[in-house]
Structures are given as C-alpha cells and as structure tokens.
Amino acid sequence: MPTTPTVDPRDPLDGEYCPVPLEFDRLDPATALQRSREFRDDMARRRTVRAFSTEDVPYELIENAVATAATAPSGAHAQPWTFVVVSDPDVKAEVRAAAEEEERRSYESRMPDEWLRALRRLGTDDVKTHLTDAPYVIVAFAQAHYVGPDGYTRKHYYVQESMGIACGLLLASLHRAGLATLTHTPSPMGFLRTILGRPRNERPYLVVPVGYPAPDATVPDITRKDLRDVLVTVAPQHPPAARGEAVRGRGDTARSSTRG
Ligand code: IYR
C-alpha cells in the first residue's frame, strides 16, 4: 500500500483533490473556425522588432499581457513565474549597460563562428538600443524553487516548459494589442537579478522590450516554415482495410500520414 504523504501546512501546493464542475463554452463550428483562422492570421503577422519608438503605450495593455501569461499551465500548478515590468528610464539604462557589456564579450569572443553566422541574417549586434527606447521592458523570471515566508523550500517542476508557455502567451497578448516585442536573451543574464532586486530562487528567463516600432524600423527578409514542414498527422487511414499501409509525406515516418 502506498503511503499517503502528509499535508505540510507550510506548502501551498499540498492539499487534497477538490473537484468542481468544469466551466466550458462549446463553440458552434462556424464560430470556432472563424476564431481559429483570425488568430492564426493575426499571429502570422507578428514580427520580432529591434527598433522601437520611445512613444508611451497604455500600461493596461502590459498588465493584461502579464495577466494572460499567468494563465499558462505549469508543473504541479506551481506558477513559477514573476514578471518584472520596467519603465523607469534609469533602470532601463542600467539594464542596457550591463546587457551590452555581456553582449560585447559574447559577440567578440564567446559565440562560436557557427552561431555568429546563424545570426547574420537577423542583423543583431551588441548594441541594445531597444532596452532604453522601448517604453516597457518586461523581464520574466523563473522560480526554480518555492520559498515560503518561513524559509520552507520546495522544488518547482517543469519550470522551463512552464515559462516557455507563459512567455508565448505574453507575446501573443502583446501582439494582439497592437504592440511590437523583441524576445531578447542577453547571455549570461544573471545581472538582471541584481539590478531588479529579485530573490535568489529566481533566474532571469527572458527580456521582452515592448512598444511601438520606430517609424523607420526594418525587419529581416525571412520566412516561416511551410505548414507541411512542421505538421505531421497520425490519423486513421480510409478505408480501414488500408490501415498499416504507410502513406508517406514530407518529413513523415512510416506510421504517419499528412492526411488530416
Ligand atoms: N543574445 C544575443 C545573441 C542572439 C542570440 C540568438 I539564438 C538570437 O536569435 C538573437 C540574438 C543578442 O541578443 O544579440
């Protein structure tokens, strides 16, 4: 018989399963299709922007994006994230100076040639004007552990995955609100914890400058992969007798098919 772990009152994740009815809106097929297409087409217009206008943006758009990010699923529902929204010009300048110092070293000597070659078509370098031009810089921190007020600690699970999903939602919300973003990862970025005064259990995960694009902003001429190159379906074959006969498409395995 497995032993039932005792509930530790110091641990907010400890507790029994208390089921409540699911609230779920079943969409009619036409509405579902329309919403799905609209979201797909809108997200396809998102571009990573590196040149920002200094024009302010409504704070509520930022707040809503963080609230949306915080709806992400997370390991054991631990919600292991903190989003620090920086608009103070002095703090942005401090972050920029520290980021540029690290990036200078990276571009000059830390990044191997292969990496530098992969970045060439993106037009990046060690000058990070976006960190001071963009009216908001959101820094997402990942909490490796829970730390209670009494010093009680417990590991968080699937932190990388949880953070990735949350930041994806953050970017989607900001884009839907008509704002431009940059997913920026200065490396290493430990300096952010110090500058922003975050506790030791938090690691910087992603820096997201947010604002309107500069009027003369440019983006690289790059394309996204074709759906056929990223989507593999494993669907029943028709007629059923044909099952087991592989239908091969691009990038397929013998067990899968490109048929939807
Ligand atoms: N962190 C550097 C380099 C960089 C790395 C990748 I991977 C990118 O997609 C873009 C940039 C920088 O921010 O410039």
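Small disclaimer: the values here were computed from a predicted structure and weren't measured.

A.B. asks: I would appreciate a short explanation of the overall build of the protein chain in the present structure.
C.D. replies: A tally of regular secondary structure across the protein chain gives 8 helices and 6 strands. Starting at the N terminus and walking to the C terminus, you meet the elements of the protein chain as α-α-β-α-α-α-β-β-β-α-β-α-β-α. Here the C-alpha coordinates of the protein chain stretch approximately 70 × 55 × 40 Å along the principal axes. Counting over 260 residues, the protein chain shows a buried share of 22%. Expressed as a percentage of contacts within the protein chain between residues at least 6 apart in sequence, the contacts between residues at least 24 apart total 76%.

A.B. asks: What's the story with the packing of helix H2 (residues 59-69) against helix H6 (residues 159-176) in this structure? I'm lost.
C.D. replies: Helix packing geometry: the angle between the two helix axes and the distance between the axes. It is the contact of H2 with H6, at a shortest axis distance of 8 Å, that shows an interaxial angle of 145°. You can see that H2 and H6 cross each other, and the crossing is right-handed. Of the residues in H6, those touching H2 at Asn64, Ala65, Val66, Thr68 and Ala69 are Ala166, Cys167, Leu169, Leu170, Ser173 and Leu174. A breakdown of the residues in the contact of H2 with H6 according to their chemical character gives 8 nonpolar, 3 polar and no charged.

A.B. asks: Got a minute to help me understand the confidence of the model for the protein chain in this structure?
C.D. replies: Interpretation of the predicted coordinates at a detailed level should be avoided for regions scoring low in pLDDT. Per-residue confidence for the protein chain gives a mean pLDDT of 92; residues scoring 70 or more make up 90%. Here residues 249-260 scores under 50 on pLDDT; set against residues more than four positions off or in separate chains, the count is 25 contacts.

A.B. asks: Can you walk me through the pairing of strand S2 (residues 136-143) in this structure?
C.D. replies: A regular strand places its side chains on the two faces of the sheet in alternate fashion. With 8 of 8 residues buried, S2 is to be regarded as a mostly interior element. In this sheet, S2 lies alongside strand S1 (residues 81-86) in antiparallel orientation, the contact comprising 6 bridges. Considered in S2, the bridge of tryptophan 81 is made with alanine 142. Here S2 pairs with strand S6 (residues 202-211) via 8 bridges, running antiparallel. Bridge pairing in S6 links alanine 142 to arginine 203.

A.B. asks: Teacher, can you tell me more about the site of the ligand here?
C.D. replies: Around the ligand, the neighbouring residues are Glu103, Leu119, Leu122, Thr124, His184, Thr185, Pro186 and Ser187. Class assignment of the residues belonging to the shell around the ligand gives a composition of 3 nonpolar, 4 polar and 1 charged.

A.B. asks: Explain the sheet that holds S6 here, please?
C.D. replies: Paired through backbone hydrogen bonds, the strands of a sheet run either parallel or antiparallel to each other. The sheet built from 4 strands is open, its strands ordered S1-S2-S6-S5 with antiparallel pairing. Here the strands that pair on one side only, and so sit at the sheet edges, are S1 and strand S5 (180-181). Of the strands in this sheet, S1, S2 and S6 are in contact with H2, which crosses S1 at around 170°.

A.B. asks: So what exactly am I meant to see when it comes to the environment of proline 213 here?
C.D. replies: Residue position: proline 213 is located in the loop between S6 and helix H8 (227-230). Among the residues examined, proline 213 registers 18 C-beta atoms within 10 Å and is labelled partly exposed. Sequence-wise, proline 213 and alanine 51 are 162 residues apart; in three dimensions their C-alpha atoms are separated by 6.0 Å. Setting aside anything within four residues of it in sequence, one finds proline 213 in contact with Val49, Ala51, Phe52, Ser53 and Ala180.

A.B. asks: Explain unusual backbone geometry to me, please; I cannot follow it from the model alone.
C.D. replies: A negative phi angle is the norm for most residues apart from glycine, just as the trans form is the norm for most peptide bonds. The linkage connecting serine 187 with the following residue, proline 188, adopts the cis geometry, with an omega of -10°. With phi around 55°, alanine 76 is a residue other than glycine that occupies positive phi space. Mapping alanine 76 onto the fold places it in the loop between H2 and S1. In this structure, histidine 77 takes a positive phi of about 50° despite not being glycine. What makes histidine 77 exposed here is the crowd of 11 C-beta atoms within 10 Å.

A.B. asks: Is there a simple way to explain the nonpolar core in this structure?
C.D. replies: If you look at soluble globular proteins, the nonpolar side chains tend to sit buried side by side. Judged by nonpolar contacts, the single largest core of 38 residues is most densely connected at Val137, Ile138, Val139, Ala140, Leu170 and Val210. Beyond its immediate sequence surroundings of up to four residues, valine 139 is in contact with Val84, Val86, Leu192, Leu196, Pro204 and Val207.

A.B. asks: I tried to follow helix H3 (residues 89-110) on my own but got confused; where do I start?
C.D. replies: Three or four residues apart is the spacing at which side chains of an α-helix point the same way, because the helix has 3.6 residues per turn. Look at H3: 29 Å from first C-alpha to last across 22 residues, which is about the 32 Å you get at 1.5 Å a residue. Every buried residue belonging to H3 is among Lys92, Val95, Arg96, Ala99 and Glu103, and all of these are buried. For H3, the angular spread of the buried residues around the axis is 100°, confining them to a single face. Opposite the buried face of H3, by more than 90 degrees, sit the exposed residues Asp90, Ala93, Glu108 and Ser109. Turning to H3, the residues buried within the fold contact S1, helix H5 (130-133), S2 and helix H7 (191-195).

Thresholds applied
Residues numbered from 1 in each chain as written. Predicted model: local features only at pLDDT ≥ 70, side-chain atom pairs only at ≥ 80, totals over all residues. Helix = DSSP H or I, 4+ residues; strand = E, 2+ residues; numbered from the N terminus. Buried ≥ 20, exposed ≤ 12 C-beta atoms within 10 Å, placed from the backbone. Contact = placed C-beta atoms within 7 Å. Axes fitted to C-alpha atoms, helices over the stretch in contact; angles between N-to-C directions. Left-handed = near helix turned anticlockwise from the far one by under 90°. Nonpolar A, V, L, I, M, F, W, Y, C, P; charged D, E, K, R; others polar. pLDDT = per-residue confidence, 0-100. Pairing = 2+ DSSP bridges. Near = placed C-beta within 6 Å. Core = buried A, V, L, I, M, F, W, Y, C linked by C-beta atoms within 7 Å. Expected span 1.5 Å × (residues − 1). Arc of directions from axis to C-beta.

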